[in-house]
2 protein chains.
Amino acid sequence: MHSNNSKQADLESVAAGLRRLTDLLLRVDADDPGPATVADELDTIVAMLENRGGPRLSGVEDPASGRGNALAPPLDVEIGDDGTASATVHLGLPYQGPKALVHGGISALMLSHVLSAAGSVDGEPAVVQELAVRYHRPTPLFAELHISAARADPAVGHAQGTIDVGGVTTVSAQAQIAPPPH
Amino acid sequence: MHSNNSKQADLESVAAGLRRLTDLLLRVDADDPGPATVADELDTIVAMLENRGGPRLSGVEDPASGRGNALAPPLDVEIGDDGTASATVHLGLPYQGPKALVHGGISALMLSHVLSAAGSVDGEPAVVQELAVRYHRPTPLFAELHISAARADPAVGHAQGTIDVGGVTTVSAQAQIAPPPH
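Residues numbered from 1 in each chain as written. Chains lettered and ligands numbered in written order. Predicted model: local features only at pLDDT ≥ 70, side-chain atom pairs only at ≥ 80, totals over all residues. Heavy atoms only, no water.

## Observations regarding the relation of the copies chain A and chain B
Here is step 1 of the chain: Once chain A has been moved 0.0 Å along the axis and rotated by 180°, it coincides with chain B to within an RMSD of 0.0 Å. Such values leave the two copies arranged in the relation of a two-fold axis. Scanning chain A for the C-alpha nearest the rotation axis identifies Ala132(A), at a separation of 2.1 Å. (Least-squares fit on C-alpha atoms with pLDDT ≥ 70 in both.)

Shown next as structure tokens:
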């Protein structure tokens, strides 16, 4: 018997494979015949899985943190005792905007996600109502990025966060957040 | 002989396959034995493509608009005669935040991208220095989203944009932008 935990491990393993392929595809030589072959193999896999809808595994599908979602880096967000939410991540080519740098929209996505986590109640993320992002300096690909956020003033639902590289803030953000819906 | 154009078509075809798989994976029944098999097949494909680095095809790798990047929806941004940048897109499960709704960070990513395009010079996107996003109402998955942006005042490098669904604005954004670097 295949437990739900091992099903989730399978799903996460496929998502990890898709992430590697997404990355590889951007590094394959333009003269390589590989992609033509791969396209056919993917079609076969897609056909195999299609029309198999059913109950989904929960908590693995988020586009920022979901280990089962190939779009997600994925961010592994931890909430500290003081309520600070943080994640450490390295981003590769699929997240590139300007050459060798993280796409500004990806930085906004990650900050939005961590700010929302900083306002979470019983594990449910807060609703971000307004998000303001400032780009101070370029954020490099392939570097260890530290993303963190904390509620500045719980009474007015305000949170702030940063992306830091080697102790230097590259992007900062502020958000108005509301408690998670019931 | 395989032309560069058909190479790009192969690459885009693989990325499209990865997008379908990423989506399917979030809809497969939790009791399905499929993912375990797929994980092995992906490992084989990854092994085939690995260590084949080389010159890359350009303009297809962007995480918002790149047709060769499986992360990208992809946004197909058009610049109108009046300088307005716009894209129409439908988003599926991989872009979900709250149930049946687009993740707020994904909205920020798309707006950031289209605002940057609105400030482009000779096809080179502008640099976004500050991005402010307001979430007015939920943005649904599976709906036709219209994302557009225009420079409000070129002299001060200010641009504004919206995401609209059925003529109603769900998210709006303002950005300070700088001309693209030379």
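## Digging into the interface of chain A and chain B
Here is step 1 of the chain: Contacts between chain A and chain B engage 70 residues on the former and 70 residues on the latter.
Here is step 2 of the chain: For the pair chain A and chain B, the two sides together bury roughly 6500 Å², of which 65% comes from carbon and sulfur.
Here is step 3 of the chain: Per-residue buried area on chain A facing chain B is highest for Leu25(A), Leu49(A) and Leu71(A); these three make up 9% of the total on that side.
Here is step 4 of the chain: In this assembly, chain A and chain B are joined by two salt bridges.
Here is step 5 of the chain: Between Glu130(A) and Arg134(B) there is a salt bridge, with the nearest N and O atoms lying 3.4 Å from each other.
Here is step 6 of the chain: Here chain A and chain B share ten residue pairs in polar contact (both at pLDDT 80 or more) between them. (Contact = heavy atoms within 4.5 Å. Buried area = accessible area lost by both parts, 1.4 Å probe. Salt bridge = Lys/Arg side-chain N within 4 Å of Asp/Glu carboxyl O. Polar contact = N/O pair within 3.5 Å; in protein donor to acceptor, adjacent residues only side chain to side chain.)

## Some points on the environment of Pro94(B)
Here is step 1 of the chain: By the secondary structure assignment, Pro94(B) is in the loop between β2 (85–89) and α3 (104–118).
Here is step 2 of the chain: Not counting chain neighbours up to four residues away, the residues in contact with Pro94(B) comprise Glu61(A), Pro63(A), Asn69(A), Leu71(A), Thr22(B), Asp23(B) and Leu26(B). (Helix = DSSP H or I, 4+ residues; strand = E, 2+ residues; numbered from the N terminus.)

## Section: the side chain of Ser107(B)
Here is step 1 of the chain: One can find Ser107(B) in helix α3.
Here is step 2 of the chain: Contact partners of Ser107(B), with chain neighbours within four places excluded, come to Val102(B), Tyr135(B), Thr139(B), Ile163(B) and Val171(B).

## Observations regarding the nonpolar core
Here is step 1 of the chain: Grouped together as the largest cluster of nonpolar side chains are 74 residues, with contacts concentrated most on Leu131(A) and Leu131(B).
Here is step 2 of the chain: Residues within four places of Leu131(A) in sequence aside, it is in contact with Ala108(A), Ser112(A), Leu115(A), Ala173(A), Gln174(A), Ala175(A), Ala108(B), Leu131(B), Ala132(B), Val133(B) and Tyr135(B). (Core = buried A, V, L, I, M, F, W, Y, C linked by side-chain atoms within 4.5 Å. Buried < 20%, exposed > 50% of the residue type's maximum accessible area, 1.4 Å probe, protein only.)

## Let's talk about the pairing of strand β4 (residues 145–153) of chain A
Put simply, side chains in a regular strand alternate between the two faces of the sheet.
All names here are of chain A.
Here is step 1 of the chain: Pairing analysis gives five bridges linking strand β2 (residues 85–89) to β4, with the strands arranged antiparallel. Each bridged residue has a counterpart across the sheet, and for Ala87 the counterpart in β4 is Ile147.
Here is step 2 of the chain: Hairpin connection between β4 and strand β5 (residues 158–165): a loop of four residues separates the two successive antiparallel strands, and Gly157 in this loop has a positive phi of roughly 65°. (Pairing = 2+ DSSP bridges.)

## Thoughts on the pairing of strand β6 (residues 168–178) of chain B
Residues and elements named next belong to chain B.
Here is step 1 of the chain: Two elements, strand β3 (residues 127–135) and β6, share eight bridges in a ladder whose sense is antiparallel. Of the residues in β6, the one forming a bridge with Tyr135 is Val171.
Here is step 2 of the chain: Summarising the sheet, strand β5 (residues 158–165) and β6 pair through eight bridges and their orientation is antiparallel. Within the sheet, the bridge partner assigned to Ala159 lies in β6 and is Ala175.
Here is step 3 of the chain: Linking β5 back to β6 in an antiparallel pair, the connection comprises two residues, with Gly166 at a positive phi of about 55°.

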